[in-house]
Amino acid sequence: MTSHSLRVGSVEIVEFLDTPMAFPFGAFFPSVPAQEFEAYKQVYPQSHAPDGRFQTYAQCYLVRSDGRTVLVDTGVGPGPIEWLGGAGGRLLDDMSGKGVKLEDVDTVVFTHLHGDHVGWNVRREGGGYRATFPRARYLVPQADWDHFTSPAMLEQSGAKQTVVPLKGLGALDLFSGEITLAEGVTTIPTPGHTPGHTSVLVSSQGERAIITGDLAHHPAQVDQTEWCSAFDGESPQAIESRSKVFEQLESEGLTAAICHFPPPGFGKLVRLEGRRVFRAL
Ligand SMILES: [Zn+2]
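Residues numbered from 1 in each chain as written. Predicted model: local features only at pLDDT ≥ 70, side-chain atom pairs only at ≥ 80, totals over all residues. Heavy atoms only, no water.

(A) Focus on the coordination of the zinc ion. The protein atoms that coordinate the zinc ion are Asp-116 (OD), His-117 (NE2), Asp-214 (OD) and His-260 (NE2), at distances of 2.0 to 2.4 Å. In this structure, the zinc ion is surrounded by four donor atoms whose angles at the metal cover 87 to 163°, and the resulting shape is irregular. Sequence spacing of the donor residues for the zinc ion, all on one chain, is D-H-x96-D-x45-H. Looking at His-117, the relative accessible area reads 0%, which means it is buried. (Donors = N, O, S within 2.8 Å, 3.2 Å for Na, K, Ca; no water. Tetrahedral: all angles 85-135°; square planar, octahedral: opposite > 155°, others 65-115°. Buried < 20%, exposed > 50% of the residue type's maximum accessible area, 1.4 Å probe, protein only.)

(B) Main features of helix α8 (residues 235-251). Between its first and last C-alpha, α8 extends 24 Å over 17 residues, near the 24 Å set by a 1.5 Å rise per residue. Of all the residues in α8, the buried ones are Ala-238, Ser-241, Arg-242, Val-245, Phe-246, Leu-249 and Glu-250. Looking down the long axis of α8, one finds its buried residues gathered within 155° of arc, a one-sided arrangement. Turned more than 90 degrees away from the buried face of α8 sit Pro-236, Glu-240, Lys-244 and Ser-251, all of them exposed. Elements in contact with the buried residues of α8: β13 (207-211), β14 (255-257), β15 (266-272) and β16 (275-280). Taken from the residues just after α8, Gly-253 is the one with a positive phi, measuring 70°. (Helix = DSSP H or I, 4+ residues; strand = E, 2+ residues; numbered from the N terminus. Expected span 1.5 Å × (residues − 1). Arc of directions from axis to C-beta. Contact = heavy atoms within 4.5 Å.)

(C) Main features of the side chain of Thr-107. Relative to the helices and strands, Thr-107 is located in strand β5 (residues 107-109). In this structure Thr-107 comes out as buried when scored by relative accessible area, which is 4%. A polar contact of 3.1 Å, which involves the side chain of Thr-107, links it to the side chain of Arg-68. The contacts of Thr-107, once residues within four sequence positions are left out, are Arg-68, Thr-69, Val-70, Leu-71, Ala-136, Arg-137 and Leu-139. (Polar contact = N/O pair within 3.5 Å; in protein donor to acceptor, adjacent residues only side chain to side chain.)

(D) Highlighting the sheet that holds β16. Taken in spatial order, the seven strands line up as β10-β11-β12-β13-β14-β15-β16 in an open sheet, and their pairing is mixed. Single-partner strands in this sheet number two, and they are β10 (180-182) and β16. Taking the axes of each pair of neighbouring strands and ignoring which way they run, one obtains an average angle of 35° across the sheet. In the sheet, strand β11 (residues 185-189) pairs with strand β12 (residues 198-204) via five bridges, with the strands oriented antiparallel. When the bridges of β12 are listed, Thr-186 appears paired with Leu-201. (Pairing = 2+ DSSP bridges. Axes fitted to C-alpha atoms, helices over the stretch in contact; angles between N-to-C directions.)

See below:
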């Protein structure tokens, strides 16, 4: 049975779905001939929309460990969102439906600062902003902060409305490398998709899982690690990080929690007839 929560030793990971979304394969993966994905349609039907587009999802994961509550990414945010046809995400509804209050979250950590991972950071109030998660410290990878708030990127990245206000609210901390977020919960740098792209390792009582952020979007990429999306900023580095983490997930039998795979995104990487495949839990 599909469950939206996963136990890793004494740690619990809960998945929230902010929104489904679909894009033409050619636009999302311009360097991969669309027919290459056809071979994976049978294996991963939920990643193929009935109209032939790439079906993907925006998820966030909540990690509960030893009294701490860490939210990994904040989705696309409230609507109207132009590229979602004016719709918006429903993260807060999903959280409340699963019994999580906004004030429960003490840490928000970002895998990276793309718009579909930072959307619910702040809400507009009067002429200013307030933090959506009022008790939380928001932890931003330093290299992503430097990149997405540079003069060239600030306007087009959307960070001005979603990330920069956190600084004014005194809720933002920058980090680099491996840091401890809670007991058994640490960041691991996996750059390439963005300069500061980060994954989150959960390790407890001999069990381990990795929340992989945007190391992949379509499950075929666990095998075709050289396939890059249009959003992989530095392709060679993205391929290197993807290959390294997926190799580890397979060889050490870890559980993966993958943003953008069909919900809940929990699975194992296993070998089947010579190919590495994502097997959902
Ligand atoms: Zn993403």
